[in-house]
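# Close look at the chain arrangement
Here is how the chains run, residue by residue.
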Amino acid sequence: DGEEMDRSVAIVQWLPTSHARPFTVLKPEVLAEDAPEDAVPGLTEIQGLAEPAALLETGRVVQFERFGFGRIETPDLGIWLHS
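Report on the accompanying structure.

## Some points on the sheet that holds strand 1 (residues 21-28)
- Taken in spatial order, the five strands of this open sheet run 2-1-5-4-3, and their pairing is mixed. The open sheet terminates on both sides in strands that have one partner only, identified here as strand 2 (43-50) and strand 3 (61-64). Geometrically, the sheet is characterised by an average inter-axis angle of 40° between neighbouring strands, direction not taken into account.
- Looking at chain direction, strand 3 and strand 4 (residues 68-74) are connected through four bridges and run antiparallel.

In structure tokens form, the structure reads like this:
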């Protein structure tokens, strides 16, 4: 309630159970500045839920609210691109 957002409280994004589909996002880890030029970053798996409409966007970049942008690779897997 009020004009300003209370940043001390976590934001929760709601999704009705009837619309929730399991979804995994692979997020590349940040390489150290002194990493070799041919170094390949590891991937962190982030488990979550997605709306069915997002899962129909295979091959496209979508915005996940309060998370960032990602490319839908399959109906249950995406690649994080940026926030």
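There is more to say after this.
## Observations concerning unusual backbone geometry
- We note that Arg-66 has phi near 60°; this positive angle belongs to a residue other than glycine.
- Note on Arg-66: relative accessible area 59%, which makes it exposed.

## Quick word on the pattern of salt bridges
- All told, the structure shown has two salt bridges when counted by the stated rule.
- Between Arg-60 and Glu-57 there is a salt bridge, and its shortest N-O distance comes to 2.9 Å.

## With respect to the packing of aromatic side chains
- The tally for this structure, following the rule as stated, stands at two aromatic pairs.
- Considering the side-chain rings of Phe-23 and Phe-64, the 5.6 Å spacing of their centres and the 45° angle between planes classify their relative orientation as tilted. Of the two residues, Phe-23 is situated in strand 1 and Phe-64 in strand 3; the sequence distance between them amounts to 41 residues.
- Of the aromatic side chains, those joined through ring pairs into one cluster are Phe-23, Phe-64 and Phe-67.
- Stacked on the ring of Trp-80, the Lys or Arg Lys-27 has its end atom at 4.3 Å from the ring centre.

## What about the pairing of strand 4?
- Hairpin connection of strand 3 to strand 4: three residues between the antiparallel strands, including Arg-66 at a positive phi of 60°.
- Pairing geometry for strand 4 and strand 5 (residues 77-82), over five bridges, is antiparallel. What sits directly across from Thr-74, in strand 5, is Leu-77.

## Some words on the environment of Leu-55
- Within the element layout of this structure, Leu-55 appears in helix 1 (residues 52-55).
- Given the relative accessible area of 11%, Leu-55 is considered buried.
- Along the backbone, Leu-55 and Thr-74 are 19 residues apart, and their C-alpha atoms lie at a distance of 7.5 Å.
- Once residues within four sequence positions are removed from consideration, Leu-55 is found in contact with Arg-21, Phe-23, Ala-50 and Pro-75.

Criteria and thresholds
Residues numbered from 1 in each chain as written. Predicted model: local features only at pLDDT ≥ 70, side-chain atom pairs only at ≥ 80, totals over all residues. Heavy atoms only, no water. Pairing = 2+ DSSP bridges. Helix = DSSP H or I, 4+ residues; strand = E, 2+ residues; numbered from the N terminus. Axes fitted to C-alpha atoms, helices over the stretch in contact; angles between N-to-C directions. Buried < 20%, exposed > 50% of the residue type's maximum accessible area, 1.4 Å probe, protein only. Salt bridge = Lys/Arg side-chain N within 4 Å of Asp/Glu carboxyl O. Phe/Tyr/Trp six-rings, centres within 6.5 Å; stacked < 30°, edge-to-face > 60°. Lys NZ or Arg CZ within 6 Å of the ring centre and 35° of its normal. Contact = heavy atoms within 4.5 Å.

That is the geometry; function is a separate question.
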